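Now for the letters of each chain:
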Amino acid sequence: MHDQLRLLETSFNTNQKLTTEVKFELARELGLPPRQVAIWYQNRRARRKANTMEDDHKKIQMDLGDVLAGNIRLDKEIGMLRNELNTAQQLLLPASSSATTLPSLTAPCNDHPTSNTRGDIICNREMPACFLQ
DNA sequence: TTGTGTTTTACGACCTCC
DNA sequence: GGAGGTCGTAAAACACAA
């Protein structure tokens, strides 16, 4: 039984397609009907395909995890950069005119809103305050 | 022991290639 | 048209917890 399986596995690993010659040769060596050899090959191919799909699925899941982790990293970086920019602008603004010449650094920009394909609000103005919110 | 989930075997229906 | 492929599925065999 184990020897039969080993012979079939060896043959299958050599070639997953079963030629007529190989089928009859295996059937003769194993003392089985050629039909049974053919069916074993069919089922073995199906099993290999299922295993391959399972492996692919695992790999995709791992890749997705990496991408999500990268997103979190980038979100943190964006937050830090926004803070730095905010601080720099506060230092550059003359205290007396800031309220009238520049938009708020914290309030959302609603005067030139557009949206991208994700529905995010985008402002077209140069140095938009809405970018900082 | 038995109920249940998993794996293996076998088959029919349909498709492709020579 | 025949040989051999995939796909879906039923039945048998097997593993294992309760």
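See the structure printed just above.
Given the structure is predicted, the values throughout are model-derived calculations rather than measurements.

1. Quick word on the packing of helix H2 (residues 20-30) against helix H3 (residues 34-92)
Helices that pack against each other are described as a pair by the angle of their axes relative to one another and the distance between those axes. Between H2 and H3, the least distance of the axes is 8 Å, while the angle of their chain directions is 115°. By the criterion of interaxial angle, the relationship of H2 to H3 is roughly perpendicular. For the pair H2 and H3, the crossing hand works out as right-handed. Residue-level contacts link Lys23, Phe24, Leu26 and Ala27 of H2 to Pro34, Val37, Ala38 and Tyr41 of H3. Residues that form the contact of H2 with H3 fall into these classes: seven nonpolar, no polar and one charged.

2. Focus on the nonpolar core
Counting eight residues, the largest nonpolar core is built from Leu8, Phe12, Leu26, Ala27, Leu30, Val37, Trp40 and Tyr41. Of all the secondary-structure elements, those providing two or more residues to this core are helix H1 (2-14), H2 and H3. Not counting the four nearest positions on each side in its chain, Leu8 is found in contact with Leu26, Leu30, Val37, Trp40 and Tyr41.

3. Digging into the protein's contact with DNA strand C
Neighbouring DNA strand C are Lys17, Leu18, Thr20, Lys23, Gln42, Arg45 and Lys49. Backbone atoms, meaning sugar plus phosphate, form 94% of the atoms of DNA strand C positioned within 4 Å of the protein. Between DNA strand C and the protein, one listed contact pairs a phosphate oxygen with a backbone N or O atom of Leu18 at 2.9 Å. In this structure, a phosphate oxygen belonging to DNA strand C sits 2.3 Å away from a side-chain N or O atom of Arg45. Classifying every residue of the surface near DNA strand C gives one nonpolar, two polar and four charged.

Calculation criteria
Counting restarts for each chain: residues are numbered from 1 in the order of the written sequence. Here the convention is simple: chains get letters from A, ligands get numbers from 1, in the order in which they are written. Selection of residues for local features in this predicted model requires a pLDDT of at least 70, selection of side-chain atom pairs for listing and counting requires 80 or more, and totals for whole chains, interfaces and linings are taken over all residues. To get the side-chain values, take all heavy atoms of the structure and skip hydrogens and water. Lines fitted to C-alpha atoms define the axes here, with helix axes fitted over just the stretch in contact, and angles between the N-to-C directions of these axes take values from 0 to 180 degrees. Runs of H or I in DSSP of at least four residues are treated as helices and runs of E of at least two as strands, each being numbered from the N terminus. Oblique is the label for every angle not falling under 35 degrees (roughly parallel), over 145 degrees (roughly antiparallel), or within 65 to 115 degrees (roughly perpendicular). Should the near helix be turned anticlockwise from the far one by less than a right angle, the crossing is termed left-handed; should it be turned clockwise, right-handed. Note on contacts: a residue pair is in contact if any heavy atoms of the two residues lie within 4.5 Å. When residues are grouped by polarity, Ala, Val, Leu, Ile, Met, Phe, Trp, Tyr, Cys and Pro land in nonpolar, Asp, Glu, Lys and Arg in charged, and all others, Gly among them, in polar. Here, nonpolar core refers to any group of buried Ala, Val, Leu, Ile, Met, Phe, Trp, Tyr and Cys residues whose side-chain atoms link them within 4.5 Å. Throughout, exposure labels follow a simple rule: accessible area from a 1.4 Å probe, protein chains only, divided by the maximum for the residue type, with under 20% read as buried, over 50% as exposed, and the rest as partly exposed. For each residue, the test is whether any non-hydrogen atom lies within 4 Å of the molecule or strand; if one does, the residue is near. Nitrogen and oxygen atoms within 3.5 Å of one another constitute a polar contact, given that in protein one can donate a hydrogen and the other can accept it, and given that sequence-neighbouring residues count only through two side-chain atoms.

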